[in-house]
Amino acid sequence: MPEPACQIRHLVEFHETDMAGIVHFSNFFRYMEKCEHAFARSLAPDLDYLKVGPEATWPRVHASCDFRQPARFGQELVIQQFVTSVRRSSIHYRFEILHESTLLAEGKIVVAHVVRDQGRFTASPLPSPLRAKLEAHCS
Ligand SMILES: CC(C)(COP(=O)(O)OP(=O)(O)OC[C@H]1O[C@@H](n2cnc3c(N)ncnc32)[C@H](O)[C@@H]1OP(=O)(O)O)[C@@H](O)C(=O)NCCC(=O)NCCSC(=O)c1cc(O)c2ccccc2c1O
């Protein structure tokens, strides 16, 4: 079993649920992003991974989620993040969202590193220090 690169806990709030009393699907993307940002902060704040700058930024180029069991108000969720692949300009993450060891949802996010080139953003190789740190978490 691979170790997660990051793990956070999240208590489901009432406003995250819908009329059926279950967590609306869009919130699973928020949970994944919350975990991803926690991971980025833990990696190295000085790497500016989260910085949305005029010259470089980190847009998400893919996000998907498979929903296996509903999540409900008051449940404490565990969100685990795995680094599955570190490529030329992109990072591939997998997420598991669990409640009491039951897998509720499994998601994927791909982040690209882009820099401004002649007025438009284009993909650019990952900065070496960040690549090394990410590869250390790859599973
Ligand atoms: C991002 C683009 C400018 C890239 O276009 P370009 O043509 O330059 O590059 P490529 O097409 O070659 O792709 C680069 C890289 O990504 C991989 N990739 C692309 N699409 C996919 C995909 N669907 N699935 C998997 N992988 C994909 C591709 O293989 C390349 O990887 P390599 O490693 O092989 O080099 C252009 O695509 C673009 O502008 N897209 C729109 C982006 C967008 O609007 N996204 C949604 C909003 S962004 C967002 O929500 C967001 C959230 C955050 O939490 C942030 C946190 C911090 C900073 C920013 C955030 C943020 O923006």
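Residues numbered from 1 in each chain as written. Predicted model: local features only at pLDDT ≥ 70, side-chain atom pairs only at ≥ 80, totals over all residues. Heavy atoms only, no water.

Chemist: Looking at this model, I keep getting lost on the overall build of the protein chain. Mind explaining?
Modeler: When its secondary structure is counted, the protein chain shows 2 helices and 8 strands. Of the regular secondary structure in the protein chain, the N- to C-terminal order runs β-α-β-β-β-β-β-β-β-α. Its C-alpha atoms give the protein chain a radius of gyration of 16 Å, near enough to 14 Å, the size a compact globule of 139 residues would have. Overall, the C-alpha framework of the protein chain stretches about 50 × 35 × 25 Å when taken along its three principal axes. In the protein chain, which comprises 139 residues, the share counted as buried stands at 42%. (Helix = DSSP H or I, 4+ residues; strand = E, 2+ residues; numbered from the N terminus. Rg over C-alpha atoms; globule rule 2.2 N^0.38 Å. Buried < 20%, exposed > 50% of the residue type's maximum accessible area, 1.4 Å probe, protein only.)

Chemist: Quick question: what am I supposed to make of the sheet that holds strand S5 (residues 90–99) here?
Modeler: Pairing between sheet strands relies on hydrogen bonds along the backbone, with the strands arranged either parallel or antiparallel. Sheet architecture is open: 5 strands sit in the order S1-S4-S5-S6-S3, paired in antiparallel fashion. Edge positions in the open sheet fall to strand S1 (6–11) and strand S3 (60–67), since each of these has one partner strand only. This sheet shows a mean twist of 20° between the axes of neighbouring strands, independent of strand direction. As paired elements, strand S4 (residues 76–86) and S5 share 8 bridges and run antiparallel to each other. Counterpart to Gln80 in the pairing with S5 is Glu96. Along the sheet, helix H1 (residues 25–43) contacts S1, S3, S4, S5 and strand S6 (102–112); its crossing angle with S3, the most-contacted strand, is approximately 125°. Strands S4 and S5 of the sheet are contacted by helix H2 (residues 128–135), whose axis makes an angle of about 120° with S4. (Pairing = 2+ DSSP bridges. Axes fitted to C-alpha atoms, helices over the stretch in contact; angles between N-to-C directions. Contact = heavy atoms within 4.5 Å.)

Chemist: Which parts of the structure should I look at to understand the state of the cysteines?
Modeler: By the definition in use, this model includes 0 disulfides. With no disulfide of its own, Cys6 has Cys35 as its nearest cysteine by sulfur position, at a separation of 4.0 Å. The class of Cys6 is buried, set by a relative accessible area of 9%. The thiol sulfur of Cys138 is not disulfide-bonded, and the nearest other cysteine sulfur, from Cys6, lies at 15 Å. (Disulfide = S-S within 2.5 Å.)

Chemist: Hey, could you run me through the side chain of His10 in this one?
Modeler: Position of His10 among the secondary structure elements: in strand S1. One polar contact links His10 to Glu16, side chain to side chain, over a distance of 3.0 Å. (Polar contact = N/O pair within 3.5 Å; in protein donor to acceptor, adjacent residues only side chain to side chain.)

Chemist: Even after reading the chapter, I still don't get the site of the ligand, so can you show me in this structure?
Modeler: In the vicinity of the ligand, 20 residues are found, and the nearest of them are Glu33, Arg60, Ser89, Ser90 and Ala123. His37 is positioned such that a nitrogen or oxygen atom in its side chain is 2.9 Å from an oxygen atom of the ligand. A distance of 2.8 Å separates a nitrogen atom of the ligand from a polar atom in the backbone of Arg60. Compared with its free state, where it exposes 1,200 Å², the ligand has 54% of that area covered by protein. Listed by contribution, the elements that provide at least two residues to the shell around the ligand are H1, S3, S6 and strand S8 (120–123). Taken together, the residues that form the shell around the ligand break down as 10 nonpolar, 6 polar and 4 charged. (Near = heavy atom within 4 Å. Areas by Shrake-Rupley, 256 points an atom, 1.4 Å probe, with all protein chains shown as cover. Nonpolar A, V, L, I, M, F, W, Y, C, P; charged D, E, K, R; others polar.)

Chemist: Any chance you could explain the nonpolar core here in plain terms?
Modeler: When a protein is soluble and globular, its nonpolar side chains tend to lie buried together. Ranked by size, the top nonpolar core spans 30 residues in total, and within it Phe28, Phe39, Tyr93 and Leu134 carry the most contacts. Setting aside chain neighbours within four positions, we find Leu134 in contact with Phe39, Leu43, Val83, Val86, Ile91 and Tyr93. (Core = buried A, V, L, I, M, F, W, Y, C linked by side-chain atoms within 4.5 Å.)

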